[in-house]
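# Structural characterization, general
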Amino acid sequence: MDFKSIIRDIPDFPQQGIMFRDITPLLAHPQGLTAVIQGFKTKIAELNIGEIDCIIGIESRGFILGASLAMALGCSFVPVRKPKKLPSAVFRVEYALEYGTDILEMHQDAIASGKRVMIIDDVIATGGTAAAASKLVEQSGAELVGYGFLIELDFLNGRKALPEVPIVSLVNY
């Protein structure tokens, strides 16, 4: 499936000069989500990284992709959320954005120490959010084995912000 032909470009969103890559038409396509998950499974298998115990999905579109991939791989799914959305004790990481800071949280009991984890999200831009998610994995004592992104914005060099683990992207801009 040609994902780029289905992903919608929204100019000047959320601010002037930004080209937003909207995946909602791809999710609405009858075979879209299935093709995305199959694409992830194929690329992950090519990495030869072994068994994955858990998929982490970053709020919010990472929940859709991550939960679907976890089901397809037969492993657990853990959401990483914005602050004050999780009801139990959390690991927390504050990280820098180009216009300030943000926070991500994950339940402390979500992933057992030593488990093999892959982080999934819809887009990697500058890499700050994905790098912050890796710090939550580290706090849990689990092992980060890779990242998967539906879209990678190559011109922002987000990979440079991430730990040295395999990265798969299905669409590059």
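Here's what I pulled together on the structure shown here. (Residues numbered from 1 in each chain as written. Predicted model: local features only at pLDDT ≥ 70, side-chain atom pairs only at ≥ 80, totals over all residues. Heavy atoms only, no water.)

### Describing the layout of surface pockets
Estimates place the volume of the largest pocket at around 1,100 Å³. What lines the largest pocket is a set of 31 residues, among which Tyr99, Val123, Ala125, Thr126 and Thr129 lie closest to the centre. Only strand S2 (19-22), strand S5 (90-97), strand S7 (116-124) and helix H4 (128-140) provide two or more residues apiece to the lining of the largest pocket. Ranked by residues supplied to the lining of the largest pocket, first place goes to S7 with 4 residues. (1 Å grid on protein atoms, 1.4 Å probe; cavity = no way out; pocket = protein on both sides within 12 Å on 5 of 7 lines; lining within 4 Å. Points joined across faces, edges and corners; volume = space filled by probe spheres on them. Helix = DSSP H or I, 4+ residues; strand = E, 2+ residues; numbered from the N terminus.)

### So, the packing of helix H2 (residues 32-47) against helix H3 (residues 61-73)
In contact at an axis separation of 10 Å, H2 and H3 are set at 60° when each is read in the N-to-C sense. The crossing of H2 and H3 is right-handed. Residues Leu33, Val36, Ile37, Phe40, Lys41 and Ile44 of H2 form the contact with H3, whose participating residues are Ile64, Leu65, Ser68, Leu69, Ala72 and Leu73. Grouping the amino acids of the contact of H2 with H3 by side-chain chemistry returns 10 nonpolar, 1 polar and 1 charged. (Axes fitted to C-alpha atoms, helices over the stretch in contact; angles between N-to-C directions. Left-handed = near helix turned anticlockwise from the far one by under 90°. Contact = heavy atoms within 4.5 Å. Nonpolar A, V, L, I, M, F, W, Y, C, P; charged D, E, K, R; others polar.)

### A word on the side chain of aspartate 122
By secondary structure assignment, the location of aspartate 122 is in strand S7. Here aspartate 122 falls in the buried class, since its relative accessible area comes to 5%. For aspartate 122, the contacting residues outside a window of four places in its chain are Ile23, Arg61, Leu65, Phe149, Leu150 and Ile151. (Buried < 20%, exposed > 50% of the residue type's maximum accessible area, 1.4 Å probe, protein only.)

### Focus on the environment of glutamate 143
Its place among the elements puts glutamate 143 in strand S8 (residues 143-152). Looking at glutamate 143, the relative accessible area reads 39%, which means it is partly exposed. For the pair glutamate 143 and aspartate 53, spaced 90 residues apart in the sequence, the C-alpha separation amounts to 9.8 Å. Once residues lying within four places of it in the same chain are set aside, the contact partners of glutamate 143 are Lys115, Arg116, Val117 and Val137.

### What to know about the state of the cysteines
Tallying each qualifying case throughout the model produces 0 disulfides. Cysteine cysteine 54 is unpaired, with the sulfur of cysteine 75 as its nearest cysteine sulfur at 6.5 Å. Exposure remark for cysteine 54: the relative accessible area of 2% places this residue in the buried category. (Disulfide = S-S within 2.5 Å.)

### Here's the deal with the pattern of salt bridges
For side chains of opposite charge, pairing can occur when their charged atoms come near one another. A full pass over the atoms with the stated rule returns 8 salt bridges. Among the salt bridges present, the one from aspartate 22 reaches arginine 8, with a minimum N-O distance of 2.7 Å. Residue aspartate 22 is located in strand S2, and its partner arginine 8 is located in strand S1 (residues 8-11); the two are separated by 14 residues in the primary sequence. A relative accessible area of 11% places aspartate 22 in the buried class. The closest approach of N and O atoms between arginine 61 and aspartate 122, which form a salt bridge, is 2.4 Å. (Salt bridge = Lys/Arg side-chain N within 4 Å of Asp/Glu carboxyl O.)

### Some thoughts on the pairing of strand S6 (residues 100-107)
When S5 meets S6, the two strands line up antiparallel, connected through 8 bridges. Note that in S6 the partner of leucine 97 across the bridge is glycine 100. Here S5 folds back onto S6 in antiparallel fashion, the turn holding 2 residues. (Pairing = 2+ DSSP bridges.)

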